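Chain and residue survey
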Amino acid sequence: MSGKVLRLVCTAAATAGCVLAPLPATAAPPPDPGGGVAQQLTDLQQLYRQAEQATETYDATAEKLKKQRAEVARLDGALAKVRLSLQDSRGAAGRLARQQYQNSTDISPYVRLLLARDPQQALDQGHVIGQLARERAETVGRLTGAEKKAGALARAARKALDQQLSLAARQKKDRDDVQARLKKVEELLVSLTPEQIAALGELEKSGVDKAQRNLVASGALDDNRPPSPEGDRAVRYAVRQLGKPYRWGAEGPASYDCSGLTSQAWDRAGTPIPRTSQEQWAQLPRVPLEQLRPGDLVVYFPEATHVAMYVGRGMVIQAPRTGETIKVSPIATYPILGALRPDERDT
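In every chain, residue numbers begin from 1 and rise along the written sequence. Under the rules for a predicted model, residues below a pLDDT of 70 receive no local features and side-chain atom pairs below 80 are neither given nor counted, while totals for whole chains, interfaces and linings still include all residues. In computing side-chain properties, one takes all heavy atoms of the structure into account and sets aside hydrogens as well as water.

1. As for the side chain of Gln280
Residue position: Gln280 is located in helix H8 (residues 277–283). When its relative accessible area of 0% is taken as the criterion, Gln280 is described as buried. Contact between two residues is taken to exist if any of their heavy atoms lie within 4.5 Å; hydrogens are not considered. In contact with Gln280, other than residues within four places in its own chain, are Ser259, Thr262, Ser263, Ile273, Pro274, Arg275, Leu297, Val307 and Leu340. Comment: elements are numbered from the N terminus, with helices defined as DSSP H or I runs of at least four residues and strands as E runs of at least two. The classification of residues rests on relative accessible area computed with a 1.4 Å probe and restricted to protein chains. Under 20% of the type maximum is buried, over 50% is exposed, and intermediate values are partly exposed.

Here it is in structure tokens:
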């Protein structure tokens, strides 16, 4: 089954014009113009890594803002319902008050019973008055409870709105941080000649090839495990995205960032997972590399700032960086932090 999945991936990759080559996902201080190719590559990788960290921070804030907006909407809806109930209760209380006033008298119920021509009628009337009094007490109780609930909901809605505004401001700051870091990347690339860019690509590829050979030779990978039904669906969704552009903060369908691709693929497979790579690393079940199967997620860097999807035979599908497209790459493209299995319950 894993071979079938990989053949599907390779066919789609070839159709999309995908290059099975690594892409830097790292990033840092401005490069030294006088440095050699190795130093330039290090600078570029550091810059990309910083940009991706900023992107994941932006994504996390955006996800919190989305949830906070939903909470504000929920509280506003609940408050509107309570206010309608409060209005009804106040109307009922007013009607009962008027009825009690119209039926009031200075004569006690006992004297009224003695003077009545029809004692039974007087008793019935007293029963009705007593029932009205009980209804009034219940209505007043509901009114008081509704007022308290409305007050609590209003306070909660105000607090939720304040949090939403705070998150919106933080999101703007995170967005500006991403854009500033990407600008540094652009400035470095513009400063390089085509020959330097080609040399950087060759140096990076040789480094990844070596890391890939070492990983395969170590026996850490075992491709005898087929994907689960959910994992197979997640891989097939990711394959259909090959060739689409990377865009930070994007969740498809036209473009994706790294965790936008993995989260959407598993969501379409019927197993929703957290939005960002850091949340995925913190919340999803972990699996040893030697137990990898197609559909599992591979997380990179100590800060868990990049994620890709394993497709078998030491390859992953990933949304690498701005300016690139979704493609198939060696699993050792970046330093591996660990692997995750969203559908661990199926093992």
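What follows picks up the thread again.
2. Some thoughts on the sheet that holds strand S6 (residues 336–340)
In short, DSSP must find at least two bridges between two strands for them to pair. Taken in spatial order, the six strands make up an open sheet running S1-S6-S2-S3-S4-S5, and their pairing is antiparallel. Of all the strands in the sheet, just strand S1 (286–287) and strand S5 (327–330) have a single pairing partner and so form its edges. Where strand S2 (residues 297–300) lies against S6, four bridges are found, and the strand directions are antiparallel. When the bridges of S6 are listed, Tyr300 appears paired with Ile336. Lines fitted to C-alpha atoms define the axes, with helix axes restricted to the stretch in contact, and inter-axis angles between N-to-C directions lie between 0 and 180 degrees. Here helix H6 (residues 229–240) sits on the sheet in contact with strand S3 (306–312) and strand S4 (315–318), set at roughly 110° to S3. Across the sheet, helix H7 (residues 258–268) is in contact with S2, S3 and S4; its angle to S3 comes to roughly 50°.

3. Here we look at the pairing of S6
Inspection of the sheet shows S1 paired to S6 by two bridges, in the antiparallel sense. Bridge pairing links Arg286 to Leu340 in S6.

4. Describing the packing of aromatic side chains
Given two aromatic rings, their pairing is described by the distance between the two centres and the angle made by the two planes. Pairing of aromatic side chains here covers Phe, Tyr and the six-membered ring of Trp, requires ring centres within 6.5 Å, and sorts the geometry by plane angle: under 30 degrees stacked, over 60 edge-to-face, intermediate tilted. Counted according to the given criterion, the structure contains two aromatic pairs. Pairing Tyr300 with Tyr334 gives two aromatic rings, centres 5.4 Å apart and planes at 90°, and the pair type is edge-to-face. In this pair, Tyr300 sits in strand S2 while Tyr334 sits in the loop between S5 and S6, placing the two residues 34 residues apart along the sequence. Taking the relative accessible area as the measure of exposure, Tyr300 reaches 1% and is therefore buried. Tyr334 sits in the buried class, given a relative accessible area of 5%. Each residue in the set Tyr300, Phe301 and Tyr334 is aromatic and connected to the rest through ring pairs, giving one cluster. The ring centre of Trp281 lies 3.7 Å from the NZ or CZ of Arg286, which sits over that ring. Throughout this description, the term charge over a ring refers to an Arg CZ or Lys NZ atom that lies within 6 Å of the ring centre and within 35 degrees of the ring normal.

5. Details of unusual backbone geometry
Geometrically, the link from Gly252 to Pro253 is a cis peptide bond, its omega value of 0° lying close to zero. The topology assignment puts Pro253 in the loop between H6 and H7. Non-glycine residue Phe301 carries a positive phi angle of around 70°. With respect to the helices, strands and loops of the structure, Phe301 is situated in the loop between S2 and S3. At Arg313, a residue that is not glycine, the phi angle is positive and equals roughly 55°. If you trace the backbone, Arg313 turns up in the loop between S3 and S4.

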